[in-house]
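# Understanding the architecture of this molecule
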Amino acid sequence: MSNELEITQDINNKFTAQQARGLNYEENLLWEKERSDHSGVDLPVPEGSAVRTGLPERTEDIGLPQVSEPQVVRHFVKMSTWNYSIDHGFFPLGSCTMKHNPRLSEKLACLAGFAHIHPKQPESTVQGALKLMYELQNWLAELTALPGVCLVPAAGAQGELAGMMTIKRAHELNNQSQRKIVLTPDSSHGTNPATAVMCGYELRVISTKDTGRISIEAFKEALYATSDDGSDIAGMMVTNPNTCGLFETNIKELADLLHEAGGYFYCDGANFNALVGKIRPGDFGVDVMHVNLHKTFSTPHGGGGPGSGPICTTVKLAPYMPVPVVGMKNDTYCLQWEEDRPETLGRLKGFNGQFAIHVRALSYMMSCGANGLKQVAEDAVLSANYIFSQLKDDFHAPYDAPCMHECIITDKIQKDTGVTTIDFAKALCEYGFHPMTVYFPIVLSGTMLIEPTETESKESIDRFITVMKKFAEDIKSGDTEKFHSFPLSTPRKRLDEVIAARNPVLRWSCN
Amino acid sequence: MSEIKFTNEHECIKIDGDVAWIGITKYAQEALGDVVHVELPEVGKQLKKGDNLAVVESVKTAAEVYSPVDGEIIEANVDMENNLELVAQLVSEGGWIAKIKISDASQLEGLMDEVKYNEYTENLD
C-alpha cells in the first residue's frame with residue numbers, strides 16, 4: 001500500500017491527513033477547520049430590536065466553530081462514509097436482528113398525515129394516527145397471544161422496565177410485596193438482570209452451563225431455594241430463544257411451575273424474529289413480554305433508530321400496564337389514561353411512544369401479511385442453520401445441534417495459535433463485513449454469535465462463509481501474524497483497546 | 001501459617017487466621033484478558049457467601065467476584081485502582097482485591113486446594 005494513504009499522528013494525538021486518494025477520505029474536526037471569517041449564513045446585525053422571548057439575553061459568543069455551509073455538508077457526508085450500516089453490507093450482529101429496513105415503510109412514515117402531526121393535537125384531528133396505533137396493538141396482541149398492549153416504551157430496555165414494573169405493580173396491588181426475587185438464567189441478556197435490579201428486585205441466577213438451556217432441576221432449585229412454595233419469587237426473566245440461539249425446550253413446564261408458585265413470566269422479546277408467526281409466547285406461558293419493533297419488525301436501529309419496545313401482557317396483567325393505551329369508544333379512537341385505567345402504574349414517557357416507528361412496524365407487518373411473517377421466522381432460522389452447518393467443522397461448535405435464528409461458534413480450535421475471537425472480528429472489518437457479536441453470551445469463552453437474518457441473500461451469506469473458512473485455513477497453515485494487525489484498509493486501523501478503555505479521551509481539546 | 005484455596009468461580013483466597021484475602025486466579029485473568037477497571041467493595045460492608053464482592057472489567061467483559069464466605073470487608077486494595085497490573089499478581093502479594101474478616105470458618109471447608117483446582121480447570125471448556 002502506498003504511503004500516501006497513511007495517516008500520521010502529530011504530538012497532540014490529532015490525526016492529520018497527508019493525502020487522500022479515491023474514496024479514502026481523511027477528515028478533520030470542524031474545530032480544526034474553522035476560521036473566524038467563515039460563516040454559514042451572513043445576516044445583518046439586527047438594530048433596535050428588543051428580546052421578546054422573556055429569557056435571559058446571551059452576552060457571550062455561542063462558541064460554535066465558524067465554517068461555511070459547503071464545508072459543513074462535506075464534513076458530515078464524508079463522516080457518513082466512515083459509518084457501516086445495514087445499507088452497506090452484511091451485519092450479522094447476534095441478538096440484534098440487523099435486517100433490511102424496507103423503503104416502503106420509510107415512505108409511509110413520511111406521509112404528511114403521519115409525519116406532520118403533533119401529540120398535543122385534539123384526538124378528533126388525529127383519528128387516522130390513533131387507528132394505526134390501535135391496529136398495531138391488535139397485530140402485536142395476535143402475534144404474541146397476549147391481548148394487553150402498550151406501545152409507549154421507546155426502546156427494548158424501556159420495554160423490559162415497563163414489563164417488570166407491570167409485574168411489580170400487580171404484586172403490590174395484590175398484597176404480594178413479599179415477593180422480592182427474580183430468576184434469570186446466566187445466558188440472559190445483560191439488560192434482564194439490570195432491569196430486575198432497577199425495579200428493586202433481588203436477582204437469582206439459574207445456571208445453564210451444561211446444555212445452554214434451563215433444566216427443570218436447576219429451575220426448581222432456584223425457585224424453592226429460600227421457601228418451600230416459591231412464595232418469595234416475583235417472577236422470571238427469560239429470553240426465548242435464548243442467547244445461545246437455542247429454543248428453551250422446557251419453557252411451558254417452567255412457566256407452569258412458576259405460575260403455581262405465584263410468579264409471573266417475563267419474556268425478553270429480543271429474539272422474537274425466530275418465532276414470529278410460528279408460535280405465540282402467550283401459548284407457552286408468558287405473562288408479559290416486550291417486542292423490539294426495531295428488530296423483528298424491521299424498523300431502523302443501530303444508530304438509525306429510535307428503537308421501540310411495546311409490551312404485551314395477559315388479560316390479568318393488562319390493567320397494570322403504563323398509560324396511555326389506545327382504545328375505542330363509540331367508533332372513535334381515543335387514548336386511555338389513568339382515569340380509564342385506575343390500576344395502571346402510570347406514565348413512563350412523554351406522549352405516546354415512537355409514533356413514526358409504529359407506522360413503519362405496521363407497514364412491515366401488513367406488507368408481509370400473516371404468511372409472510374411466518375416465512376420471516378423460517379428464513380431467519382434457515383439462514384442461521386446454513387451458516388452453522390458450513391462453519392461447524394472449521395470452528396468449535398459448543399452446541400452441535402440445529403439452532404434458531406442465530407448460531408454460536410467459538411475460538412477454541414484456533415486460540416492456541418494466538419488468534420482469538422477479537423482477531424476474527426477485526427479481520428471481518430478488513431473484509432468489509434460488520435463483525436458478529438463477540439464474547440457474548442458469557443457462559444462460554446471466546447463466543448461468536450452470528451445472526452444473518454432473513455433479508456440476506458444466499459450470495460452474501462456465502463461470501464461471509466468463504467471469508468470465515470479462509471480465516472480458519474490461514475490459521476491452520478500457520479499464517480497467523482496478520483490477524484493481529486487487521487483491519488488495514490479502514491479509516492481507522494487497529495485500536496489499542498486497553499489504552500482506550502483505561503485512559504479514554506472523551507473530549508477534544510485544542511492543546 | 002497461611003494457605004491458598006480456590007473456588008469454582010475462580011476466586012483464590014489466602015487464609016490468614018480469621019482473615020481471607022480474596023483475589024482472582026491466573027485462569028480467570030487469562031480468560032478475561034487485559035483488565036481495564038476494578039470496582040472495589042466498601043470497607044465495613046457485610047457480605048454473605050456468594051454476594052458480589054467486586055467487579056473486574058476487561059476489554060472483553062465485566063466479571064463479578066463473589067465472596068467465598070460470610071464476613072465483613074476490613075480492607076480494599078486501593079492501590080489496585082491505579083495499578084491494574086496488580087490484579088495479575090499472587091493473592092498473597094499485590095493481587096488481593098479485598099480482605100474479609102471471616103464470620104463462619106466452616107464455609108472454608110468446601111474450597112479446593114491448588115491440585116484440585118488445577119484438575120478442575122483442565123476439565124473446563
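It should be emphasised that the depicted structure is a prediction, and the values quoted were computed from it without experimental measurement. (Residues numbered from 1 in each chain as written. Chains lettered and ligands numbered in written order. Predicted model: local features only at pLDDT ≥ 70, side-chain atom pairs only at ≥ 80, totals over all residues. Heavy atoms only, no water.)

The next thing to look at is the overall build of chain A. Counting its regular elements, chain A contains 13 helices and 16 strands. For 511 residues, the compact-globule estimate of 2.2 N^0.38 gives 24 Å, and chain A sits close to it at 26 Å. Along the three orthogonal principal directions, the C-alpha set of chain A runs to about 75 × 70 × 45 Å. The long-range fraction of contacts in chain A, counting pairs at least 24 apart against all pairs at least 6 apart in sequence, stands at 69%. Once the 47 positive and 62 negative side-chain charges of chain A are each reduced to a mean point, those two points are 2 Å apart. (Helix = DSSP H or I, 4+ residues; strand = E, 2+ residues; numbered from the N terminus. Rg over C-alpha atoms; globule rule 2.2 N^0.38 Å. Contact = heavy atoms within 4.5 Å. Lys, Arg positive; Asp, Glu negative; His and termini not counted. Charge placed at Lys NZ, Arg CZ, Asp CG, Glu CD.)

As a general point, the strands of a sheet are linked pairwise by backbone hydrogen bonds and lie either parallel or antiparallel. All names here are of chain B. Strand order in the open sheet formed by 6 strands is E1-E2-E3-E9-E8-E5, with antiparallel pairing between adjacent strands. Bordering the open sheet on either side are strand E1 (3-6) and strand E5 (46-47), each of which pairs with just one other strand. Summarising the sheet, strand E8 (residues 71-76) and strand E9 (residues 98-102) pair through 5 bridges and their orientation is antiparallel. The partner of isoleucine 73 across the bridge, within E9, is isoleucine 100. (Pairing = 2+ DSSP bridges.)

Next up on the list: unusual backbone geometry. Residue and element names in this part refer to chain A. Note that the residue after phenylalanine 440, namely proline 441, is joined by a cis bond; omega there is 0 degrees. Among the structural elements, proline 441 can be located in the loop between strand E15 (437-438) and strand E16 (447-450). Following phenylalanine 486, the chain continues into proline 487 via a peptide bond in cis, with omega recorded as 0 degrees. Take proline 487: it is sitting in the loop between helix H12 (458-476) and helix H13 (497-502).

Residue and element names in this part refer to chain B. With 98% of its residues at a pLDDT of at least 70, chain B reaches an overall mean of 91. Within chain B, no element has a lower average pLDDT than helix H1 (residues 26-32), which sits at 89, and none a higher one than E8, at 96. As a predicted assembly, this complex carries a pTM of 0.86 together with an ipTM value of 0.74. (pLDDT = per-residue confidence, 0-100.)

What follows covers the pairing of strand E7 (residues 62-66) of chain B. Residues and elements named next belong to chain B. Both strand E6 (residues 52-58) and E7 contribute to a ladder of 5 bridges, which runs antiparallel. Along E7, the bridge assignment pairs valine 55 with glutamate 64. Where E6 hands over to E7, the hairpin turn is made up of 3 residues, counted between the paired strands.

With that settled, the discussion passes to helix H10 (residues 355-391) of chain A. Owing to its 3.6 residues per turn, the α-helix brings residues three or four apart onto one side. For H10 of chain A, with 37 residues, the first-to-last C-alpha span of 41 Å runs short of the 54 Å given by 1.5 Å per residue. Taking the largest bend as the criterion, H10 of chain A deviates by roughly 100 degrees, centred on glycine 369 of chain A. (Expected span 1.5 Å × (residues − 1). Bend = angle between axes of the 7 residues up to and from the residue.)

Another point: the sheet that holds E15 of chain A. All names here are of chain A. Ordered in space as E14-E16-E15, the 3 strands form an open sheet in which the pairing is antiparallel. At either end of the open sheet lies a strand with only one pairing partner, and these are strand E14 (407-410) and E15. Direction of pairing for E14 relative to E16: antiparallel, over a ladder of 4 bridges. For isoleucine 409, the partnering residue across the bridge sits in E16 and is methionine 448.

Taken together, the 9 residues of chain A in the interface contact 9 residues of chain B. Summed over both sides, the interface of chain A with chain B buries roughly 900 Å², with 51% coming from carbon and sulfur. Looking at the side of chain A facing chain B, the largest losses of area belong to Tyr439, Val498 and Arg502 of chain A, adding up to 53% of the total buried there. Note that glutamate 85 of chain B is salt-bridged to arginine 502 of chain A, the shortest N-O span being 3.2 Å. Inspection of the region where chain A meets chain B yields 2 residue pairs in polar contact (both at pLDDT 80 or more). Among the residues forming the side of chain A that touches chain B, the class breakdown is 5 nonpolar, 1 polar and 3 charged. (Buried area = accessible area lost by both parts, 1.4 Å probe. Salt bridge = Lys/Arg side-chain N within 4 Å of Asp/Glu carboxyl O. Polar contact = N/O pair within 3.5 Å; in protein donor to acceptor, adjacent residues only side chain to side chain. Nonpolar A, V, L, I, M, F, W, Y, C, P; charged D, E, K, R; others polar.)

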